[in-house]
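# Summary of structural features
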Number of protein chains: 4
Amino acid sequence: MGNSFGARYRFTIFGQSHAPAIGVTIEGLPAGFTPDMEALQAFLDRRAPGKGRYSTTRKEADAPEFVSGLVDGHTCGAPVTAIIRNTNARSGDYENLFRVPRPGHADFSAAVKYGRNRDVAGGGQFSGRLTAPLCIAGGLALQLLAEEGISVSARILSIGGQTEPDAIQGTLEAAKQAGDSVGGVIECVAEGVPAGLGEPMFGGVENRIAQAVFAIPAVKGVEFGAGFGASAMRGSENNDPFYFDDYGVVRTRTNHHGGALGGITSGMPIVFRAAFKPTPSIAIEQDSVDLDAHENVKLSVQGRHDPCIVLRAAPCVEAAAAAAIYDLLLEGRY
Amino acid sequence: MGNSFGARYRFTIFGQSHAPAIGVTIEGLPAGFTPDMEALQAFLDRRAPGKGRYSTTRKEADAPEFVSGLVDGHTCGAPVTAIIRNTNARSGDYENLFRVPRPGHADFSAAVKYGRNRDVAGGGQFSGRLTAPLCIAGGLALQLLAEEGISVSARILSIGGQTEPDAIQGTLEAAKQAGDSVGGVIECVAEGVPAGLGEPMFGGVENRIAQAVFAIPAVKGVEFGAGFGASAMRGSENNDPFYFDDYGVVRTRTNHHGGALGGITSGMPIVFRAAFKPTPSIAIEQDSVDLDAHENVKLSVQGRHDPCIVLRAAPCVEAAAAAAIYDLLLEGRY
Amino acid sequence: MGNSFGARYRFTIFGQSHAPAIGVTIEGLPAGFTPDMEALQAFLDRRAPGKGRYSTTRKEADAPEFVSGLVDGHTCGAPVTAIIRNTNARSGDYENLFRVPRPGHADFSAAVKYGRNRDVAGGGQFSGRLTAPLCIAGGLALQLLAEEGISVSARILSIGGQTEPDAIQGTLEAAKQAGDSVGGVIECVAEGVPAGLGEPMFGGVENRIAQAVFAIPAVKGVEFGAGFGASAMRGSENNDPFYFDDYGVVRTRTNHHGGALGGITSGMPIVFRAAFKPTPSIAIEQDSVDLDAHENVKLSVQGRHDPCIVLRAAPCVEAAAAAAIYDLLLEGRY
Amino acid sequence: MGNSFGARYRFTIFGQSHAPAIGVTIEGLPAGFTPDMEALQAFLDRRAPGKGRYSTTRKEADAPEFVSGLVDGHTCGAPVTAIIRNTNARSGDYENLFRVPRPGHADFSAAVKYGRNRDVAGGGQFSGRLTAPLCIAGGLALQLLAEEGISVSARILSIGGQTEPDAIQGTLEAAKQAGDSVGGVIECVAEGVPAGLGEPMFGGVENRIAQAVFAIPAVKGVEFGAGFGASAMRGSENNDPFYFDDYGVVRTRTNHHGGALGGITSGMPIVFRAAFKPTPSIAIEQDSVDLDAHENVKLSVQGRHDPCIVLRAAPCVEAAAAAAIYDLLLEGRY
């Protein structure tokens with residue numbers, strides 16, 4: 001089922017943008033784990049909107065309530081469910097949203113799939129807001145990975161094709177002024193992952209991280225190590241030479257393989273990049289269709305929107321990667 | 001489990017390069033389907049080695065025997081199992097393979113995961129030969145998709161960074177002469193896929209095609225539509241305008257979204273690209289380690305190897321995509 | 001994962017007896033379904049305690065709040081999550097529960113599995129209270145099945161080995177006076193289930209109903225049709241003769257097969273029985289162990305307990321069966 | 001999918017009675033395990049027909065060929081596939097089988113599910129012959145369990161309602177003479193299973209053993225410990241008192257719970273019973289229907305059939321239980 005992920009660390013994300021709540025139900029957390037709730041909240045705050053000039057000004061508390069699975073602050077072996085109440089009341093006239101899908105949005109494909117029954121308010125179940133419960137599941141995984149000496153860290157590599165801070169700033173400002181939006185690339189590195197995790201073929205590290213990361217709205221590409229760049233290399237260049245380091249551990253001198261060989265971890269850092277398309281919601285007038293009137297129309301998306309969600313995407317990528325890696329870790333433990 | 005894929009069209013691939021056989025067990029084929037065995041064999045032949053100047057000269061029949069699931073040539077509702085006998089006898093001295101992992105190969109990660117118990121002959125379960133049963137499962141899916149008016153077609157987009165035939169030819173020849181290898185990019189297009197397939201978040205079209213495609217050895221990146229290129233675009237450029245075509249069907253004027261919006265198919269062609277790294281097995285001497293002697297050593301990979309597996313990879317990508325899309329189609333049918 | 005059930009109608013039950021809440025997250029509900037909330041509440045009330053002389057006097061509202069998946073009262077295609085707040089505050093001294101497991105309870109096996117981290121208050125995640133969210137998932141399935149003309153109905157067949165009302169009454173009164181408890185048998189019948197549902201072997205109707213029903217605390221046996229009685233019959237007696245009824249439908253004159261042949265539904269009513277052991281919690285002194293002091297001790301379970309949970313079990317059995325049958329129905333629809 | 005079982009020890013059974021082969025593909029076998037092939041063959045021989053006066057005289061070799069997953073006789077981490085060639089050629093006129101379903105058989109439900117495409121020869125995929133690959137998967141699990149000090153052993157408890165050898169003999173002879181058949185009960189005991197295995201609710205020991213055992217054709221009931229008998233007991237009688245044994249291990253003085261409390265193993269022997277209905281194939285004339293002519297007809301099943309399959313069922317029950325318990329063991333190990 002689409003909202004569920006994982007084999008051993010398995011969770012289901014629920015909620016819509018304007019439902020009473022969003023949240024997540026997690027199976028597979030070991031009994032006796034005491035989540036650091038402050039650290040989790042800080043992690044959630046990293047993805048929350050309303051903090052910068054290029055993010056939406058909508059204010060959300062995003063404070064999860066853990067309604068099951070904890071006793072005196074520690075896990076007890078029962079599934080953990082956390083919910084975040086939505087404070088934005090469902091209201092107003094959604095008729096236009098039903099009729100005119102926003103280009104680049106899930107509006108149209110959702111209309112085909114669910115018909116008039118779909119929840120259009122605030123993007124419904126396709127809202128970027130659903131990354132908050134992903135960050136709960138991933139944030140807990142991050143804490144458990146840290147106990148094993150594993151870190152997962154993501155950063156912005158480029159925005160609108162620019163990699164330098166000044167150029168990025170200029171690109172963002174120009175897009176904002178134009179009522180437009182820009183995309184970007186997030187790079188994520190997981191260090192300390194032991195060698196030997198993952199299964200051959202469909203159960204490999206890359207398959208599973210990709211499955212998790214493509215769940216983040218706007219992700220259109222995932223590559224590991226040298227990725228697409230490797231396609232232009234020669235083997236003698238791309239192959240990473242092995243050597244014994246000073247501690248007698250086998251390592252590679254370069255890391256074009258991005259930590260995965262044959263889908264199995266090599267012990268080198270897992271490195272991958274996720275490409276984000278520009279936010280579809282823009283003020284600039286676009287061509288669309290009126291699904292009821294059955295005619296072509298013009299559309300200007302109203303309201304305040306992030307000109308660049310990539311600014312808030314790094315914790316989401318960390319969360320997706322951490323969930324996948326922790327799942328692999330549990331699997332590899334038996 | 002790693003060798004299994006799919007929710008409704010579910011199969012498990014088995015075998016090693018030098019085991020008695022490789023094959024696949026498939027659940028979910030509808031009863032009453034008569035596979036076109038000649039078409040399937042022709043499809044398998046497209047990925048078979050031994051046909052060109054830049055492919056290995058190893059000859060394999062790759063003729064599957066269907067040992068279950070068929071009656072008088074049609075499916076009966078029982079699981080379908082097909083096996084391909086391996087004719088290359090397991091023989092010779094594998095001691096060096098146990099000791100010295102080839103850079104860029106699964107040799108090392110497999111050594112960590114399975115220890116001395118692993119099958120090293122011919123790459124064992126990590127051999128590219130395992131794409132043959134993938135092509136059986138995918139080839140049957142292709143035939144079933146064709147009955148629904150859906151086609152899946154892959155082609156070489158670039159090799160060694162070159163996109164023009166002459167330049168590709170030159171790149172291949174140079175690599176072969178140098179005892180080296182080159183990678184490339186395969187582009188795949190699925191046409192006729194109905195809108196509304198796929199599930200939100202982890203069950204989307206992109207998640208599942210990526211999970212399937214990363215199972216093909218040497219794939220290091222997967223991108224949909226404009227992919228990584230979209231990260232440098234503005235929303236007004238990347239958003240695909242909707243319109244009603246002459247038949248009253250909603251379409252988009254461009255297809256930067258690659259057929260998936262919010263993980264759900266839009267009815268536009270699904271377009272994705274897979275990046276293949278260069279074949280790790282090269283004649284050029286490389287640095288590696290002797291896992292037993294615990295020392296750094298030099299390694300030259302002997303034997304005949306493809307300087308470029310991308311030449312044979314297109315049917316594998318089609319197979320992986322077809323399996324994922326057929327699985328989505330069955331899921332969407334209920 | 002243990003708290004999850006189903007392939008197409010898939011739900012995860014969460015909560016503990018004294019956690020902030022219990023609840024369920026459901027994937028697979030069709031978009032556009034409007035649950036009859038009054039009917040659901042009435043169904044939940046059937047399993048609620050506090051109504052009869054032989055049930056606990058603990059009062060619970062058991063009014064679910066649907067926090068996701070609904071829009072204007074109908075499903076929208078997103079997962080549905082419902083929670084029930086626990087009003088019984090976690091308090092008091094649980095030390096004795098940690099030390100001395102109740103005979104017949106999950107106390108001991110939970111202690112081995114989760115150690116001191118387990119939630120012992122009110123039975124934790126092993127509490128019969130967790131059948132409330134099962135009844136939410138099953139209650140919604142019942143409504144969806146009713147739309148297809150399928151009914152699922154359970155009734156008490158025997159209590160303490162007695163089948164007559166007067167004898168049952170006597171048995172209950174005697175057990176209550178003695179501070180003891182009694183078990184019983186629930187019979188469940190599903191009518192209107194179309195023929196052809198279910199999969200061979202592990203995916204049969206019986207396998208899946210059994211998997212669901214054994215989730216209800218205290219169930220120790222499940223049998224279909226003639227069940228254990230069939231083991232003493234001859235084939236000529238147990239085989240159900242086929243005939244065409246007046247509407248040209250194939251039916252059987254008897255129903256010893258209980259609606260399933262080869263794991264596939266026959267179109268005849270699905271009939272099964274579930275055996276419930278007597279409630280383990282009794283006032284009578286029993287032998288147990290002190291897990292900390294490592295010595296044998298005597299135990300009298302304090303508090304008010306149902307002398308017979310079978311009186312409240314019928315809706316739970318209906319819920320489990322309905323969830324399994326609706327899952328089969330969705331599966332069979334593709 | 002119906003032919004697959006297990007989460008960590010996962011296998012898919014394939015084949016039909018008269019297909020080229022039957023077999024099984026297993027994922028989850030640890031690398032480095034050397035199956036005792038003689039012991040496995042001896043185990044398979046226990047379920048093979050043709051050995052006694054009350055079994056069919058059909059001769060089958062049932063010698064599995066392991067086509068993948070082994071290297072030099074030991075597992076290598078790749079999936080293990082074993083096939084058994086069917087020597088009974090598919091031939092003759094199956095028209096009658098298509099038209100007239102045998103009472104008590106899967107003939108009718110399979111006809112509804114798969115239509116004319118189904119394989120009717122020898123029972124197709126519903127043949128008891130499919131228990132041979134179950135015995136391969138279960139037989140390997142038995143060997144792995146034995147390495148952990150766990151034994152699984154099944155025996156005939158009753159046949160035709162009789163429990164004494166002489167009475168059983170008389171019942172069998174009478175049924176054979178009458179061209180009739182009889183059912184029976186198999187009891188299975190697993191000793192040495194550590195406490196703490198299994199998951200709450202749907203993932204419990206009972207749920208999973210039941211799911212496996214109901215896959216054996218003719219099983220109509222499964223009960224654990226005191227089972228249906230517990231429904232007539234009082235709590236004070238059914239509750240198993242705890243005590244510390246001489247080794248300081250917590251045990252119960254009786255074992256009415258059959259080794260599972262709250263779905264979690266207690267460390268006491270797992271005890272369960274499976275009820276087998278009498279073989280449906282009998283020579284006595286029965287009422288059936290002609291599905292093509294759409295009229296009621298008489299049917300006498302021709303050919304040699306077991307008057308009592310229970311005589312050969314014990315290894316199948318052991319296999320199903322062993323597979324489920326080994327799966328639980330792997331799951332509990334992480």
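Structure shown above.
Residues numbered from 1 in each chain as written. Chains lettered and ligands numbered in written order. Predicted model: local features only at pLDDT ≥ 70, side-chain atom pairs only at ≥ 80, totals over all residues. Heavy atoms only, no water.

Looking only at helices and strands, chain A has eight helices and 17 strands in total. Over its C-alpha trace chain A gives a radius of gyration of 21 Å, about what one expects of a compact globule, namely 20 Å for 334 residues. Considered along the principal axes of its C-alpha atoms, chain A spans approximately 70 × 55 × 35 Å. Considering chain A as a whole, with its 334 residues, one finds that 67% of them fall into the buried category. Taking the contacts inside chain A whose residues are at least 6 apart along the sequence as the reference set, 70% of them involve residues at least 24 apart. (Helix = DSSP H or I, 4+ residues; strand = E, 2+ residues; numbered from the N terminus. Rg over C-alpha atoms; globule rule 2.2 N^0.38 Å. Buried < 20%, exposed > 50% of the residue type's maximum accessible area, 1.4 Å probe, protein only. Contact = heavy atoms within 4.5 Å.)

This paragraph deals with the relation of the copies chain D and chain A. By a simple turn and slide, chain D fits onto chain A: the slide is 0.0 Å along the axis, the RMSD is 0.0 Å, and the turn is 180 degrees. Look at the turn and shift together and you get a two-fold axis relating the two. Of the interface residues in chain D, 100% have counterparts in chain A that sit at the interface too, so the contact is made through matching surfaces. (Least-squares fit on C-alpha atoms with pLDDT ≥ 70 in both.)

The subject of this paragraph is the relation of the copies chain C and chain D. Each copy superposes on the other: chain C lies on chain D with an RMSD of 0.0 Å after a rotation of 180 degrees and an axial shift of 0.0 Å. Here 100% of the interface residues in chain C have copies in chain D that are interface residues too; the copies meet face to matching face.

This next bit is on the packing of aromatic side chains. For the structure on display, the rule yields 34 aromatic pairs over all chains. Their ring planes at 40 degrees and their centres at 5.6 Å tell us that A:Phe224 and A:Phe272 sit as a pair that is tilted. Of this pair, A:Phe224 sits in strand β10 (residues 219-224) while A:Phe272 is found in strand β15 (residues 270-276), placing the two residues 48 residues apart along the sequence. Their ring planes at 50 degrees and their centres at 5.3 Å tell us that C:Phe108 and D:Phe242 sit as a pair that is tilted. Placement of the pair is C:Phe108 in helix α3 (residues 107-114) and D:Phe242 in strand β11 (residues 242-244), with the two residues belonging to separate chains. Each member of the pair C:Phe108 and D:Phe242 is classed as buried. One aromatic cluster is present, formed by A:Phe5, A:Tyr9, A:Phe11, A:Tyr326 and B:Phe202 through successive ring pairs. It is D:Arg116 that lies over the ring of D:Phe98; its NZ or CZ is 4.2 Å from the centre. Sitting above the plane of the D:Tyr243 ring, D:Arg253 keeps its charged end 4.0 Å from the centroid. (Phe/Tyr/Trp six-rings, centres within 6.5 Å; stacked < 30°, edge-to-face > 60°. Lys NZ or Arg CZ within 6 Å of the ring centre and 35° of its normal.)

Counting across every chain of the model gives 72 salt bridges over all chains. With a closest N to O distance of 3.9 Å, D:Arg234 and C:Asp180 form a salt bridge. Placement of D:Arg234 in the loop between β10 (219-224) and α7 (235-238) and of C:Asp180 in the loop between α5 (165-177) and β9 (184-191) is noted, with the two residues assigned to different chains. Exposure remark for C:Asp180: the relative accessible area of 5% places this residue in the buried category. Residue D:Glu206 pairs with C:Lys220 through a salt bridge whose shortest N-O separation is 2.7 Å. Of this pair, D:Glu206 sits in helix α6 (residues 205-213) while C:Lys220 sits in strand β10 (residues 219-224), which puts the two residues in different chains. Accessibility classification places D:Glu206 together with C:Lys220 in one group, the buried group. Each of the salt bridges in this network shares a partner with another, and the network as a whole consists of A:Arg155, A:Glu187, A:Glu223 and A:Arg273. (Salt bridge = Lys/Arg side-chain N within 4 Å of Asp/Glu carboxyl O.)

Residues and elements named next belong to chain C. Spanning 17 residues, helix α4 (residues 131-147) covers 24 Å between terminal C-alpha atoms, matching the ideal 24 Å at 1.5 Å per step. Of all 17 residues in α4, 15 are buried; the element is thus mostly enclosed. In the segment just after α4, glycine 149 is the residue with positive phi, at about 80 degrees. (Expected span 1.5 Å × (residues − 1).)

Each partner contributes residues to the interface: chain C has 100 residues there, and chain D has 100 residues. Taking both sides of the interface into account, the surface hidden between chain C and chain D amounts to around 7600 Å²; carbon and sulfur atoms contribute 64%. When the buried surface of chain C facing chain D is broken down by residue, C:Phe202, C:Lys220 and C:Phe242 rank first, second and third, together holding 12% of it. For the salt bridge of D:Glu199 with C:Lys113, the shortest nitrogen-to-oxygen distance reads 3.9 Å. Linking chain C with chain D are 41 residue pairs in polar contact (both at pLDDT 80 or more), by the criterion used here. The biggest single contributor to the side of chain C that touches chain D is β10(C), with six residues. Pairing analysis gives three bridges linking β10(C) to β10(D), with the strands arranged antiparallel. (Buried area = accessible area lost by both parts, 1.4 Å probe. Polar contact = N/O pair within 3.5 Å; in protein donor to acceptor, adjacent residues only side chain to side chain. Pairing = 2+ DSSP bridges.)

The next subject is the sheet that holds strand β2 (residues 10-15) of chain C. Residue and element names in this part refer to chain C. Pairing is antiparallel across the open sheet formed by five strands, whose spatial order is β1-β2-β3-β7-β4. Pairing within the sheet leaves two strands with one partner each, and these edge strands are β1 (4-5) and β4 (65-68). The sheet contact formed by β2 and strand β3 (residues 21-27) spans six bridges and is antiparallel. Looking at the pairing, phenylalanine 14 lines up with glycine 23 of β3.

Turning our attention to unusual backbone geometry. A positive phi angle, near 85 degrees, is found at C:Ala218, a position not held by glycine. With respect to the secondary-structure elements, C:Ala218 resides in the loop between α6 (205-213) and β10. On the basis of relative accessible area, C:Ala218 is assigned to the buried category, the value being 16%. The backbone of D:His294 sits at a positive phi, close to 60 degrees, despite the residue not being glycine. Inspection of the secondary structure puts D:His294 in the loop between β16 (286-290) and β17 (295-299).

Next up on the list: the packing of helix α1 (residues 37-47) of chain C against α4(C). How two helices pack is summed up by the angle between their axes together with the distance between the axes. All names here are of chain C. Between α1 and α4, the shortest axis-to-axis distance is 9 Å and the interhelical angle comes to 140 degrees. Compared by their axis directions, α1 and α4 come out oblique. Between α1 and α4 the crossing geometry is right-handed. When α1 is examined against α4, the residues Ala39, Leu40, Phe43, Leu44 and Arg47 are found in contact with a partner set consisting of Thr131, Ala132, Cys135, Ile136, Gly139, Leu140, Leu142 and Gln143. For the contact of α1 with α4, the per-class residue count stands at nine nonpolar, three polar and one charged. (Axes fitted to C-alpha atoms, helices over the stretch in contact; angles between N-to-C directions. Parallel < 35°, antiparallel > 145°, perpendicular 65-115°, else oblique. Left-handed = near helix turned anticlockwise from the far one by under 90°. Nonpolar A, V, L, I, M, F, W, Y, C, P; charged D, E, K, R; others polar.)

Residue and element names in this part refer to chain A. At a minimum axis distance of 7 Å, the contact between helix α4 (residues 131-147) and helix α8 (residues 314-333) shows a crossing angle of 50 degrees. Our classification of the angle between α4 and α8 gives oblique. Along this stretch, α4 crosses α8, giving a crossing that reads as left-handed. Where α4 approaches α8, its residues Thr131, Leu134, Cys135, Gly138, Ala141, Leu142, Leu144 and Leu145 are matched on the opposing element by Pro315, Cys316, Glu318, Ala319, Ala320, Ala322, Ala323, Ile325, Tyr326 and Leu329.

Residues and elements named next belong to chain C. Along the chain, aspartate 107 turns up in helix α3. Aspartate 107 sits in the buried class, given a relative accessible area of 12%. Residues within four places of aspartate 107 in sequence aside, it is in contact with Val100, Pro101, Arg102 and Arg118.

The next subject is the interface of chain D and chain A. Taken together, the six residues of chain D in the interface contact six residues of chain A. Buried surface at the junction of chain D and chain A, summed over both partners, amounts to about 670 Å²; 54% is from carbon and sulfur atoms. Scanning the region where chain D abuts chain A turns up two residue pairs in polar contact (both at pLDDT 80 or more). Residue classes in the side of chain D that touches chain A are distributed as two nonpolar, one polar and three charged.

Turning to its location among the elements, A:Asp290 is positioned in strand β16 (residues 286-290). Separated by 147 residues in sequence, A:Asp290 and A:Gln143 place their C-alpha atoms 47 Å apart. Apart from residues lying up to four places away in sequence, A:Asp290 is in contact with A:Arg99, A:Val100, A:Glu295, A:Val297 and B:Phe244. A distance of 3.0 Å separates the side chain of A:Asp290 from the side chain of A:Arg99, its partner in a polar contact.

In this section: the sheet that holds strand β1 (residues 4-5) of chain B. If you walk across this open sheet you meet the five strands as β1-β2-β3-β7-β4 (chain B), and the pairing is antiparallel. Of all strands in the sheet, those with a lone pairing partner are β1 and β4 (65-68) of chain B, marking the two edges.

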